[in-house]
Amino acid sequence: MATSLALCFLLTQCQREQMMSEISSSKNLPQTVDFNFHIKPILSDRCFKCHGPDKSKQESELGLNNREGLYKELLKEKGRFVIVPGKPDESELYRRISSQDTDYQMPPPESNLSLTEYEIALIKKWIAQGAEYKEHWAFTPPVKPALPTVKNEDWAKNEIDFFILKTLQENGLTPNEEADKERLLRRVSFDLTGLPPTPDMTAQFLADNSPGAFDKMVDQLLVLPAYGEHMAAQWLDVARYADSHGYQDDSYRSMWPWRDWVIHAFNENLPYDQFVTWQLAGDLLPHATREQLLATGFCRNHKITQEGGVIEEEYRVEYIADKANTFGKAFLGLTYECARCHDHKYDPISQEEYYETYAFFNQNTERGFYGDVSNISIAEQPTISPTCDELEGVLRFINATGADTVVSMVMNESDTLRHTYTLKRGQYDHPDKEVGFGTPAAILPFSENLPKNRLGLSQWLFDEKNPLTARVAVNRIWQELFGTGLVKTSDNFGSQGALPSHPELLDWMAVYFRENNWDMKVLLKKIVTSATYRQSAIATKEKLEADPENRLLSRGPRFRLTPEMIRDSWLVASGLLNPTIGGPPVRPYQPAGLWEETNAGEGRGSLTKYRQDEGGKLYRRTMYTIFKRTLPHPFLTTFDASYRDACTVKRQRTNTPLQALNLMNDPMMLEASRVLAEKMLKDKELDMEGRLKEAFSRIVSRQPEGRELKLLKSHFETRKKQLAQAPERAKKLLHVGDSRPDESVDVVDCAALMEVAALIFNMDESLNK
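Calculation rules
- Residues numbered from 1 in each chain as written.
- Predicted model: local features only at pLDDT ≥ 70, side-chain atom pairs only at ≥ 80, totals over all residues.
- Heavy atoms only, no water.
- Helix = DSSP H or I, 4+ residues; strand = E, 2+ residues; numbered from the N terminus.
- Rg over C-alpha atoms; globule rule 2.2 N^0.38 Å.
- Contact = heavy atoms within 4.5 Å.
- Areas by Shrake-Rupley, 256 points an atom, 1.4 Å probe, with all protein chains shown as cover.
- Lys, Arg positive; Asp, Glu negative; His and termini not counted.
- Charge placed at Lys NZ, Arg CZ, Asp CG, Glu CD.
- Buried < 20%, exposed > 50% of the residue type's maximum accessible area, 1.4 Å probe, protein only.
- Phe/Tyr/Trp six-rings, centres within 6.5 Å; stacked < 30°, edge-to-face > 60°.
- Lys NZ or Arg CZ within 6 Å of the ring centre and 35° of its normal.
- Salt bridge = Lys/Arg side-chain N within 4 Å of Asp/Glu carboxyl O.
- 1 Å grid on protein atoms, 1.4 Å probe; cavity = no way out; pocket = protein on both sides within 12 Å on 5 of 7 lines; lining within 4 Å.
- Points joined across faces, edges and corners; volume = space filled by probe spheres on them.
- Nonpolar A, V, L, I, M, F, W, Y, C, P; charged D, E, K, R; others polar.
- Core = buried A, V, L, I, M, F, W, Y, C linked by side-chain atoms within 4.5 Å.
- Axes fitted to C-alpha atoms, helices over the stretch in contact; angles between N-to-C directions.
- Parallel < 35°, antiparallel > 145°, perpendicular 65-115°, else oblique.
- Left-handed = near helix turned anticlockwise from the far one by under 90°.
- Polar contact = N/O pair within 3.5 Å; in protein donor to acceptor, adjacent residues only side chain to side chain.

A. Looking closely at the overall build of the protein chain. Check the secondary structure of the protein chain and you find 31 helices and seven strands. Taken over the C-alpha trace, the protein chain has a radius of gyration of 29 Å; the compact-globule value for 769 residues is 27 Å, and the two agree within 12%. For the C-alpha atoms alone, the extent of the protein chain along its principal axes is close to 95 × 65 × 50 Å. Look at the contacts in the protein chain between residues 6 or more apart in sequence, and 72% of them connect residues 24 or more apart. About 32,700 Å² of surface is accessible on the protein chain, with carbon and sulfur atoms providing 49% of the total. Averaging the coordinates of the 94 positive side-chain charges in the protein chain and doing the same for the 110 negative ones gives two points 3 Å apart.

See below:
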């Protein structure tokens, strides 16, 4: 009987590129072919027809992404197996991929897909070596490996460096020298506080030549209040925090007290396991405090509809699904949502297991609809409304100054069990099979000894045998510091995600994090004090050719600052920054008419007209800018901020002409430039060269080189001469922004120096770290 084979062949683009880049430098096959690293990336679930010997085109599916599929006997060709360990020529897989018979080979010619000779040779050698199958690397618990042996041990400052140096040596690369002190301080200051170092910090660090000078500076940065703000700004993307409900009407919500708690938690260095547990299940903890209840606002940060006529159950289901999806991506690094409508196509998560996880979040008292935008009542929802005593006591970290009411949504468990069912195609009105509480068995079965609620789910998450929790957390922190995680696809640790560039290092750090009681400051200090982090970012031609993305880390990190960091650096350099922590969102400069042109209708909701703030509120850190989901501040979106419709663990990084135009004309940048120029001119101890040096130092955090200073002086003199002939233009330039120009300084000098400051703010070095 004629047979055919549909073999699932292939490969995510990032995995193929990663594998080929790592083997391209060697003409020989690896000594030992590893299934997860070499073979699995070549196999995929996309099926391609492969005709049987009689040219029949009947199809049968053969899965190559699991043990059973790889070693099974062909259904219609008895005695023939996909793989015969040790015998490539008897293995149907190898016979077909190496065949020249177009009616027999796979992938078939009409698929326009093919394997390289190298990939075919890899598969042959793997089979010849016994075709050992290994479970996906991310689904096996991390084990702390021994430190590798390296040639240049003196370079290493801590354990991290041994793993990095081993890989560099294997690839014929050497690490860079340590960055100069000014650039290193600027890098670590942005990474730990989101702000540039102050002139006093720079002077202190430059004057300290002791061996532990950098460690002392790191300790100093970690205790600054700005540390908690910076770490919270990153977490807001993960938590899909916003100041509006989303969907069409997108009215205001007051979740900022939860945001204030996040800042407080980071500054108090709440261990990561508690930080997450409080957010997932703070209300279920024994004798739960009001602070722990407030923390559960994390689960309520999703969008909420205010559109009349909706079906309440449909949206309630959407809210629960959002919680389950966020849980999967934020803490497990998996595309959980792919199993909502059917079994996951790539990873071992069945639809039934998806709804078993969904069941944990299906027990809260949240409804799907509380009224349309004209009459929605947040008081009807599970909320927390702190008393005056609480705001002065246990919840004193909430900055309620200027707030009319302080009401935030939280979680509240139902008194009765709500039954959970799988939903056919994920549709709210098509319940199918009833399920209990559970988790994907391939990750870690849910123990019967755990409570069947969100608290039990959090305990499962931090079980020592859970293979993902610690890996995902340390990878995301590494990503923030180096621009890319050890696992490049930080949102996908599944089979379609990238392989770790340094798997042993990832596991070492995961276990180290757990062994140190999930202490985030300890982990951060370990990474930033490593020789790897402290390298110069200088990239030679040879290193760019050998490792263009710096995945092997033979040089320090260098990438563009986030929009929050860019704008905040303007405020710091000019002295305009209002350091107030927390409180209701603020409304800085924004192009006129944006909200009015995009709202759903006059009078529908409280965010239909943008009313700019005044005074100190204009100069708050960017993380406090009001975040309207349907229209975030244009500076944020221009520079790739998340829209926070869903959990985001990695922002994209683009380069567009609009970004350059925004930077050159942003009123906040221009006002900061003018204020900085005024400060320089009022310092009578400085001559013009000294003022240029001081402005450059405040913005770039180092002194200008001779060539740079010459260019700045030339630009200043040229613009001064031109503006002297157009005094009205100079005067108009100084009136950008709401702060009043200082009338005691010369208008032309100030305008010319302002333009020099704006030029420095727009330098590539100013925008990168």
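Moving on from the model shown.
B. Local environment of helix 9 (residues 213-222). Burial in helix 9 covers these residues: A213, F214, M217, V218, L221 and L222. For helix 9, the elements touching its buried residues are helix 7 (181-193), helix 8 (199-207), helix 10 (225-238) and helix 20 (520-528).

C. Looking closely at the packing of aromatic side chains. What the rule picks out here adds up to 35 aromatic pairs. Taken together through their ring pairs, the aromatic side chains of W235, W261, F266, F275, W278, F298, F327, F331, F361 and W460 make up a single cluster. In this arrangement the basic side chain of R240 is found over the ring face of F298, its NZ or CZ atom lying 5.4 Å from the centre. A cation over a ring is seen here: R644 above F627, with NZ or CZ 4.4 Å from the ring centre.

D. Here's a closer look at the pattern of salt bridges. Within the structure shown, the criterion is met by 44 salt bridges. Between E390 and R290 there is a salt bridge; the shortest N-O distance is 2.8 Å. Of this pair, E390 sits in helix 16 (residues 388-391) while R290 sits in helix 13 (residues 290-295), and the two are 100 residues apart along the sequence. You can call E390 buried: its relative accessible area is 14%. Between K488 and E549 there is a salt bridge; the shortest N-O distance is 3.0 Å. Highlighted residues: K488 in the loop between helix 18 (469-482) and helix 19 (503-515) and E549 in the loop between helix 21 (541-546) and helix 22 (563-574), separated in sequence by 61 residues. Each of D180, R183, R702, E708 and E765 takes part in a single network of salt bridges with overlapping partners.

E. Layout of empty space enclosed by the protein. Applying the stated rule across the entire model yields seven cavities of 30 Å³ or more. One number sums up the size of the largest cavity: a volume of about 740 Å³. As for the largest cavity, its lining consists of 40 residues, of which Q234, Q479, E480, T562 and R651 are closest to the centre. Elements supplying a minimum of two residues to the lining of the largest cavity: helix 10, helix 12 (272-281), helix 18, helix 20 and helix 22. Per element, the largest residue contribution to the lining of the largest cavity is seven residues, and it comes from helix 10. Each residue belonging to the lining of the largest cavity can be placed in one class, and the counts come to 19 nonpolar, eight polar and 13 charged.

F. Representation of the side chain of Q292 within the structure. With respect to the element layout, Q292 can be found in helix 13. If sequence neighbours within four positions are ignored, Q292 has contacts with W278, G282, D283, L285 and H287.

G. Here's a closer look at the nonpolar core. Of all hydrophobic cores here, the largest spans 127 residues; its most connected members are W261 and F275. At 10 residues, helix 14 (residues 312-332) tops the list of elements feeding residues into this core. Sequence-distant contacts of F275, defined by excluding residues within four places in its chain, comprise W235, W261, V262, A265, F266, L270 and M520. Judged by nonpolar contacts, the second largest core, of 48 residues, contains A573, L676, C750 and L767.

H. Inspection of the packing of helix 7 against helix 8 at higher detail. It is at 10 Å that the axes of helix 7 and helix 8 come closest, and there the two elements cross at 130°. In terms of their interaxial angle, helix 7 and helix 8 are classed as oblique. The element helix 7 and its partner helix 8 pack so that their crossing is right-handed. Across from K181, E182 and L185 in helix 7, the residues of helix 8 making contact are M201, T202, F205 and L206. Its residues placed into classes, the contact of helix 7 with helix 8 shows four nonpolar, one polar and two charged.

I. Spatial organisation of the environment of D519. Mapped onto the fold, D519 is located in the loop between helix 19 and helix 20. Along the backbone, D519 and L270 are 249 residues apart, and their C-alpha atoms lie at a distance of 7.6 Å. Ignoring anything within four residues of it in the chain, the contact list for D519 reads N269 and F513. In terms of polar contacts, D519 uses its side chain to reach the backbone amide nitrogen of V522, at 2.9 Å.

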